[in-house]
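Each chain is listed here by its residues.
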Amino acid sequence: MPRGQLLIWRERILYILAAMAVTYLAILPLGAKSNAAAVPDIFYCATIAWVMRRPESAPVFLVAVASFFIDVVLGRPMGLWSLILVLASEYFRGRETGKGMQMRLWEWLSVSLLFLVMLIVYKFALTIGFAASPSYTALAWHFLLTAIAYPIVVAVLYWGLNIRAPLPADRSRNMGRVT
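This text gives an overview of the structure that appears in the document. Source: prediction; values computed, not measured.

**What to know about the overall build of the protein chain**
- Scanning the protein chain for helices and strands turns up 6 helices and 0 strands.
- Listed N to C, the secondary structure of the protein chain is α-α-α-α-α-α in terms of helices and strands.
- A separation of at least 24 residues holds for 78% of the contacts in the protein chain among residues at least 6 apart in sequence.

The following block contains the structure:
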């Protein structure tokens with residue numbers, strides 16, 4: 001197996017392990033009363049940052065399987081958040097992350113705004129389906145904490161797991177899409 005393929009599979013395994021670690025942290029009993037909407041969505045942050053930097057190592061099917069697994073474990077409506085996350089990750093797949101401060105701020109703003117849209121769609125879908133949905137206050141906290149967590153997750157991926165944007169010459173043609 002060529003060295004490039006070995007690196008891609010290593011990063012795919014890292015992505016799955018990161019999803020499992022985030023899920024494990026989400027189900028830990030951290031207090032007497034737990035409010036799932038009042039914590040940041042670390043998996044969203046990691047997925048979007050990963051897809052923007054290494055699209056070939058986080059293909060669509062891997063994002064879908066990992067997010068569906070998290071839906072099942074956390075007891076969310078199965079597939080709803082997974083579908084929304086897959087659509088969001090496809091929107092950001094292969095986008096340039098930029099090197100300057102202005103580009104990083106633009107990335108952070110666009111990722112945060114898309115997360116806000118995702119929460120609105122999620123709340124609307126739960127309301128239409130007459131399912132119990134989190135309050136607007138809880139969703140606002142969830143949005144705020146996720147927006148704050150995104151740069152931290154990007155830093156952990158960059159320095160901790162070495163998930164960085166490849167050079168333009170190294171980019172894959174299909175960028176993780178199934179061909």
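Moving on, there is more to tell.
**Some details on helix 1 (residues 3–27)**
- Over its 25 residues, helix 1 runs 36 Å from end to end, which matches the ideal 36 Å to within 8%, given 1.5 Å per residue.
- All of the buried residues in helix 1 are Ile-8, Glu-11, Arg-12, Leu-14, Tyr-15, Ala-19 and Thr-23.

**Here we look at a nonpolar patch on the surface**
- On the surface, Ile-13, Leu-17, Met-20, Tyr-24, Leu-25, Ile-27, Leu-28, Phe-69, Val-73 and Leu-74 cluster together into a nonpolar patch covering about 910 Å² of accessible area.
- Listing elements by their share of the nonpolar patch, those giving two or more residues are helix 1 and helix 3 (60–74).
- Here the element with the most residues in the nonpolar patch is helix 1; it accounts for 6 residues.
- Looking at the secondary structure, you find Ile-27 in helix 1.

Definitions and cut-offs
Residues numbered from 1 in each chain as written. Predicted model: local features only at pLDDT ≥ 70, side-chain atom pairs only at ≥ 80, totals over all residues. Heavy atoms only, no water. Helix = DSSP H or I, 4+ residues; strand = E, 2+ residues; numbered from the N terminus. Contact = heavy atoms within 4.5 Å. Expected span 1.5 Å × (residues − 1). Buried < 20%, exposed > 50% of the residue type's maximum accessible area, 1.4 Å probe, protein only. Patch = residues over 30% accessible without salt bridge, like charges linked within 9 Å, V, L, I, M, F, W, Y side chains within 5 Å. Areas by Shrake-Rupley, 256 points an atom, 1.4 Å probe, with all protein chains shown as cover. Salt bridge = Lys/Arg side-chain N within 4 Å of Asp/Glu carboxyl O.

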